[in-house]
Number of protein chains: 2
Amino acid sequence: MDATWPPRGDVFDSRCPSRSVLDHVTSKWAVLVLAALDTGELRFSALRRRIDGVSEKMLAQTLRTLESDGFVAREVAPTTPPQVTYSLTDLGSGLTAQLTGLLDFITTRLPEIQAARRP
Amino acid sequence: MDATWPPRGDVFDSRCPSRSVLDHVTSKWAVLVLAALDTGELRFSALRRRIDGVSEKMLAQTLRTLESDGFVAREVAPTTPPQVTYSLTDLGSGLTAQLTGLLDFITTRLPEIQAARRP
């Protein structure tokens, strides 16, 4: 199977590779990691402070997945101790631009969402 | 606490109600349920056929959460047997408009994402 198969994905089909991308991107912490990196590169500790409630383990796991999907780049500076920074790749920036609309909707329409919520 | 607190949410703060909305909306199946309903109302069985791989239990649970958040409306027609249909509310339509961009990005850029993926 060619690496670029298929030409256009179908997330409704569980066998399509786009489904696993969607699962990764919408995993519990990925949206927040991507949004946090949208304002610029960050070190692990700064990311963890920014994303209230994430554990070290979950943050590391989320970063690994986003890195292997090509959305996040990890750079190690040859200092002592080595400094590791994370940033969005071009592909990750494009993806995050889409997520920004979602986050803006949820945060700005929150009063309305709260009012519509049933106890 | 007023039902419309706060005026604007902060998803990075785990105590903000917008965080739980984000968690619900980006749960494993919610994105696909919202996208499926974007083309019009559907019955439970049609939704399940559309979303390949979802179990009856997970679909029911996802619909309940989206309904109680005010994004999905459930209508029961007084027929024998009763017909239950699901549709997006106005708020749900607004939310789904944001998700559509995300899904379009993932499906149209899939070849690039596949190429960037590391084994």
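Refer to the structure printed above.
Okay, so let's go over this structure. This one's a predicted model, so the numbers in the text were calculated from it and none came from an experiment.

### Digging into the overall build of chain A
Thought 1: For chain A, the count of helices and strands is six helices and three strands.
Thought 2: Each helix (α) and strand (β) of chain A, taken in turn from the N terminus, gives the series α-α-β-α-α-β-β-α-α.
Thought 3: C-alpha atoms of chain A, sized along the principal axes, occupy 55 × 45 × 25 Å.
Thought 4: Taking all 119 residues of chain A together, the buried fraction comes to 45%.
Thought 5: Considering only contacts within chain A whose residues lie at least 6 apart along the sequence, 42% involve residues at least 24 apart.
Thought 6: Of the accessible surface of chain A, which amounts to about 6000 Å², a share of 52% is contributed by carbon and sulfur atoms.
Thought 7: In chain A, which carries 14 positive and 14 negative side-chain charges, the distance between the mean positions of the two groups comes to 9 Å.

### A closer look at the sheet that holds strand 2 (residues 72–77) of chain B
Strands in a sheet are paired, the pairing made by backbone hydrogen bonds, and the direction either parallel or antiparallel.
All names here are of chain B.
Thought 1: An order of 1-3-2 is seen for the three strands of this open sheet, with the pairing classed as antiparallel. This sheet does not close on itself; its edge strands, each paired only once, are strand 1 (42–43) and strand 2.
Thought 2: Summarising the sheet, strand 2 and strand 3 (residues 83–88) pair through six bridges and their orientation is antiparallel. The residue bridging Glu-75 from the neighbouring strand is Thr-85, located in strand 3.
Thought 3: Each of strand 1, strand 2 and strand 3 touches helix 2 (residues 30–37); the most contacted strand, strand 3, lies at about 95° to it.

### Examining the relation of the copies chain A and chain B
Thought 1: Turning chain A through 180° and shifting it by 0.0 Å along the axis lays it on chain B, with an RMSD of 0.0 Å. What the rotation and shift describe, once combined, is the action of a two-fold rotation axis. Closest to the rotation axis within chain A is the C-alpha of Thr-26 of chain A, separated from it by 2.6 Å.
Thought 2: Both copies contact each other with a shared surface, as 98% of the interface residues of chain A are interface residues in chain B too.

### Thoughts on the interface of chain A and chain B
Thought 1: Taken together, the contact pairs 61 residues of chain A with 60 residues of chain B.
Thought 2: A buried area of about 5300 Å², summed over both sides, lies between chain A and chain B, and 63% of it is on carbon and sulfur atoms.
Thought 3: Ranking the residues of chain A by area buried against chain B places Phe-12, Leu-91 and Arg-117 of chain A at the top, with a combined share of 14%.
Thought 4: Between Lys-28 of chain B and Asp-23 of chain A there is a salt bridge; the shortest N-O distance is 2.7 Å.

Rules behind the numbers
- Residues numbered from 1 in each chain as written.
- Chains lettered and ligands numbered in written order.
- Predicted model: local features only at pLDDT ≥ 70, side-chain atom pairs only at ≥ 80, totals over all residues.
- Heavy atoms only, no water.
- Helix = DSSP H or I, 4+ residues; strand = E, 2+ residues; numbered from the N terminus.
- Buried < 20%, exposed > 50% of the residue type's maximum accessible area, 1.4 Å probe, protein only.
- Contact = heavy atoms within 4.5 Å.
- Areas by Shrake-Rupley, 256 points an atom, 1.4 Å probe, with all protein chains shown as cover.
- Lys, Arg positive; Asp, Glu negative; His and termini not counted.
- Charge placed at Lys NZ, Arg CZ, Asp CG, Glu CD.
- Pairing = 2+ DSSP bridges.
- Axes fitted to C-alpha atoms, helices over the stretch in contact; angles between N-to-C directions.
- Least-squares fit on C-alpha atoms with pLDDT ≥ 70 in both.
- Buried area = accessible area lost by both parts, 1.4 Å probe.
- Salt bridge = Lys/Arg side-chain N within 4 Å of Asp/Glu carboxyl O.

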